[in-house]
Amino acid sequence: MRDLDDWRRWRADQDSRRLGFVPTMGALHAGHAALVRRSLAECEATVVSIFVNPTQFDDPVDLAAYPQVLEADLDLLRGLGVAAVLAPSAEAIYPDGYHYRLSEDSLSRRFCGAHRPGHFDGVLTVVMRLLNLVRPWRAYFGEKDYQQMRLVQGMAEAFFMDVEVIACATERDADGLALSSRNRRLSETQRQLAATLPLALRESRTAEAARQRLESAGFEVDYVADFEQRRLAAVRLGAIRLIDNVPLGLHRHD
Ligand code: PAF
């Protein structure tokens, strides 16, 4: 559904059904499918949003290059059995022109936030708007975007929101690379190299050692940092930015 009046009519018909919600920016992959399956298993009906949110992109080139494959996404979601897909326009989501926005001034300024000014304001603002439209019982977020997931949990708590934010484990390819819509923009050589990211995070004794290993392998490293018993990182391969994190307990202590 693109039109918000259609959306509101559909939502009004759901009465007290316990809705699960998976917000996405499209270009769906098995990681999104896992979030949708979990929602389908736990909730009475599942809603997915597809909205490439312009306000969370600090780099217009990245926004322009973001893969958009709406028909393929809708096919996948139909196959999975979701009850509704909300795919609004930017004008519909931002009738105020983004003059009203949400910000968090602590965690959002660290890690990814330190390298992408305004990114988490955009994320939190769009998630709040989508949650207000969908009014779900539960909302599902991947742990791959660990900082995002923690900020959304914090926002829900801080604003007494009537939604449970569920964190879901990261889905990975066979070589360990976390699934991401951005992976499809990697060249074959970059794709092979990208698998070093989770390995370096897991196998290095310290965050600094992981940074050094990644830099020697040819990544440009935005940050590697330990936070809440996890090791978080963002790196660049050419124009493509990849993020990942692993639980610290899995590190080899050699
Ligand atoms: O993780 C994403 O895909 C986006 O940041 C989200 C949560 C859909 C908000 O635009």
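Residues numbered from 1 in each chain as written. Predicted model: local features only at pLDDT ≥ 70, side-chain atom pairs only at ≥ 80, totals over all residues. Heavy atoms only, no water.

## Some details on helix H4 (residues 70-80)
So, step 1. Of all the positions in H4, only Asp73, Leu74, Leu77 and Leu80 are classed as buried. Here the buried residues of H4 occupy an arc of 125° about the axis, which is enough to place them on one side. In H4, the exposed positions that point more than 90 degrees away from the buried face belong to Glu71, Arg78 and Gly79.
So, step 2. Following H4 by one or two positions, Gly81 adopts a phi angle in the positive range, close to 95°. (Buried < 20%, exposed > 50% of the residue type's maximum accessible area, 1.4 Å probe, protein only. Helix = DSSP H or I, 4+ residues; strand = E, 2+ residues; numbered from the N terminus. Arc of directions from axis to C-beta.)

## Points about the domain arrangement of the protein
So, step 1. Taken domain by domain, the protein consists of domain 1 (4-168) and domain 2 (181-245).
So, step 2. Here domain 1 and domain 2 have C-alpha centroids that lie 25 Å from each other.
So, step 3. Taken together, the contact pairs 23 residues of domain 1 with 15 residues of domain 2.
So, step 4. The contact between domain 1 and domain 2 buries some 1,800 Å² in all, and 53% of this surface belongs to carbon and sulfur atoms.
So, step 5. For domain 1, the biggest contributors to the area lost against domain 2 are Phe111, His115 and Tyr146; these three give 33% of the whole.
So, step 6. Taken together, domain 1 and domain 2 are joined by 4 salt bridges.
So, step 7. As a salt-bridge pair, Glu143 and Arg230 come within 3.5 Å of each other at their nearest N and O atoms.
So, step 8. Within the residue set of the side of domain 1 that touches domain 2, elements represented by two or more residues are helix H3 (60-65), helix H6 (112-115) and helix H8 (146-158).
So, step 9. The biggest single contributor to the side of domain 1 that touches domain 2 is H8, with 3 residues.
So, step 10. Of the residues belonging to the side of domain 1 that touches domain 2, the class tally is 11 nonpolar, 5 polar and 7 charged. (Domains from an automatic or database assignment. Contact = heavy atoms within 4.5 Å. Buried area = accessible area lost by both parts, 1.4 Å probe. Salt bridge = Lys/Arg side-chain N within 4 Å of Asp/Glu carboxyl O. Nonpolar A, V, L, I, M, F, W, Y, C, P; charged D, E, K, R; others polar.)

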